[in-house]
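Each chain, letter by letter, is given below.
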Amino acid sequence: MQELHDAPLAPLTTFRLGGPATRLVTATTDDEVIAAVRAADDAGDPLLIIGGGSNLVIGDKGFDGTALRIATRGFELDGTALTLAAGENWSDAVARTVEAGLAGVECLAGIPGSAGATPIQNVGAYGQEVSATITEVVAYDRRAGETVTIPGAECGFSYRHSRFKEHPERFVVLRVRFALEDAGGLSAPLKYPETARALGVEAGDRVPAAVARQTVLALRAGKGMVLDPEDHDTWSAGSFFTNPILSEAEHAVFVQRVQDRLGPDVAPPAFPAGDGLVKTSAAWLIDRAGFTKGYGSGPARISTKHTLALTNRGKATTEDLLALAREVRDGVHAAFGVTLVNEPVTVGVSL
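Residues numbered from 1 in each chain as written. Predicted model: local features only at pLDDT ≥ 70, side-chain atom pairs only at ≥ 80, totals over all residues. Heavy atoms only, no water.

(A) Examining the packing of aromatic side chains more closely. For the structure on display, the rule yields 8 aromatic pairs. Summarising the aromatic geometry, the rings of Trp90 and Phe178 are spaced 5.7 Å apart at their centres and angled 40° between planes, so their arrangement reads as tilted. Linking Trp90 in helix α2 (residues 90–99) with Phe178 in strand β13 (residues 171–179), this pair joins segments that are 88 residues apart in sequence. The residues Trp90 and Phe178 share a single accessibility class, namely buried. With a centroid separation of 5.0 Å and an interplanar angle of 85°, the aromatic rings of Phe291 and Tyr295 are classed as edge-to-face. Using a relative accessible area of 7% as the deciding quantity, one classes Phe291 as buried. For Tyr295, a relative accessible area of 26% corresponds to the partly exposed category. Taken together, the ring pairs in this structure connect Phe15, Phe240 and Phe241 into an aromatic cluster. Against the face of Phe336 rests Arg261, its NZ or CZ located 5.7 Å from the ring centre. (Phe/Tyr/Trp six-rings, centres within 6.5 Å; stacked < 30°, edge-to-face > 60°. Helix = DSSP H or I, 4+ residues; strand = E, 2+ residues; numbered from the N terminus. Buried < 20%, exposed > 50% of the residue type's maximum accessible area, 1.4 Å probe, protein only. Lys NZ or Arg CZ within 6 Å of the ring centre and 35° of its normal.)

(B) Structural view of the layout of surface pockets. Put simply, the second largest pocket is a space of about 480 Å³. Lining of the second largest pocket is provided by 25 residues; of these, Thr14, Gly52, Asn89, Gly113 and Leu227 occupy positions nearest its centre. (1 Å grid on protein atoms, 1.4 Å probe; cavity = no way out; pocket = protein on both sides within 12 Å on 5 of 7 lines; lining within 4 Å. Points joined across faces, edges and corners; volume = space filled by probe spheres on them.)

(C) A look at the pattern of salt bridges. Summed over the entire model, instances satisfying the criterion amount to 15 salt bridges. Note that Glu3 is salt-bridged to Arg23, the shortest N-O span being 2.9 Å. Of the two residues, Glu3 is situated in strand β1 (residues 2–8) and Arg23 in strand β2 (residues 20–27); the sequence distance between them amounts to 20 residues. We note a salt bridge from Asp233 to Lys305, for which the minimum N-O separation is 2.8 Å. Taken together, the positions of Asp233 in the loop between α6 (209–222) and β15 (245–247) and Lys305 in the loop between β18 (300–302) and β19 (310–312) put the pair 72 residues apart, joining distant regions of the chain. A cluster of three or more residues bridged by salt bridges with shared partners is formed by Asp231, Asp233, Lys305 and Arg313. (Salt bridge = Lys/Arg side-chain N within 4 Å of Asp/Glu carboxyl O.)

(D) Quick peek at the side chain of Arg142. Note on placement: Arg142 falls in the loop between β11 (134–141) and β12 (146–151). For Arg142, the residues in contact, after removing those within four places along its chain, are Val37, Asp41, Leu47, Glu169, Arg170 and Val172. (Contact = heavy atoms within 4.5 Å.)

(E) Expanded view of helix α7 (residues 248–262). Here α7 is 15 residues long and its end C-alpha atoms lie 21 Å apart, about the 21 Å a rise of 1.5 Å per residue gives. When we look at burial in α7, the residues that qualify are His251, Phe254, Val255 and Val258. For α7, the angular spread of buried residues about the axis comes to 100°, placing them on one side. Those residues of α7 that are exposed and aimed more than 90 degrees away from the buried face are Ala249, Val253 and Asp260. Contact partners of the buried residues in α7: β15, β17 (277–279), α8 (282–288) and α9 (318–336). Gly263, located one to two residues past α7, shows a positive phi value of around 120°. (Expected span 1.5 Å × (residues − 1). Arc of directions from axis to C-beta.)

Structure representation (structure tokens):
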């Protein structure tokens with residue numbers, strides 16, 4: 001277990017932003033993870049968990065406490081049952097499942113970060129969410145002081161949410177178990193219209209899983225959503241804001257605001273979200289509020305490829321990023337009465 005003091009955290013995040021941690025511990029086994037967590041808790045030391053760093057906005061002053069980088073490794077495939085250590089690179093793991101001819105996560109290709117973060121955020125894209133395949137999450141319960149195994153049905157999954165996100169100070173994910181599908185090398189039925197269109201098939205069809213993965217990677221790359229150190233459009237956390245979910249009454253007011261502003265024939269995107277709820281598109285709202293691709297004149301700007309990504313153009317500070325995020329959030333609310341919520345976790349700062 002490696003320990004550093006006054007350690008830079010920016011290189012551990014995809015934003016490449018944030019100040020140093022008082023103490024940075026890198027753990028390569030589950031036992032080391034648990035030991036580091038217990039040591040911090042026993043000392044009353046604030047604890048920050050870092051996996052792939054793809055969902056973190058760390059303040060310029062850094063983190064006054066222990067930052068624990070989980071660098072555990074483990075990819076175990078038993079038939080269609082997959083177990084991943086929390087520190088496994090998620091995108092690499094997806095590639096290996098496709099190579100094994102299995103379906104279920106192929107449309108989650110190219111998403112940066114670690115496997116342990118996927119149940120926390122209920123990671124999803126292009127018609128798939130990890131909640132559909134997760135069977136169990138093995139975690140260290142800081143409250144109970146023991147390792148627990150939580151069935152997928154008890155993880156409280158919903159759109160970009162889980163019980164792990166709801167109680168961020170309680171659980172530290174150690175391993176994630178998935179049930180994949182052997183469909184003879186084919187993908188799961190395609191759910192996302194953009195993916196189906198790109199493949200020239202209908203929603204609900206299956207295609208070779210490898211082809212589905214490559215198509216998703218191409219779609220993501222076109223939006224700057226595949227990490228590339230030479231491309232500042234990828235110096236981001238991917239989608240910075242979640243898609244708003246509105247009640248039917250809120251949605252009716254929203255639609256009226258849209259038509260008052262943009263014209264009576266304009267209909268904003270709307271998708272059923274269950275229990276009388278409607279989901280709309282954060283990217284659509286941002287664009288229609290006037291924050292188009294490439295918006296901004298400072299070192300933090302909207303991506304030139306996708307309006308939902310806020311980016312560090314190379315010399316930004318966290319405060320530069322937050323100023324842009326607040327401008328976008330407030331502008332969307334002024335235009336349409338909808339408040340955008342940030343998807344990345346903020347550390348030492350807030351919107």
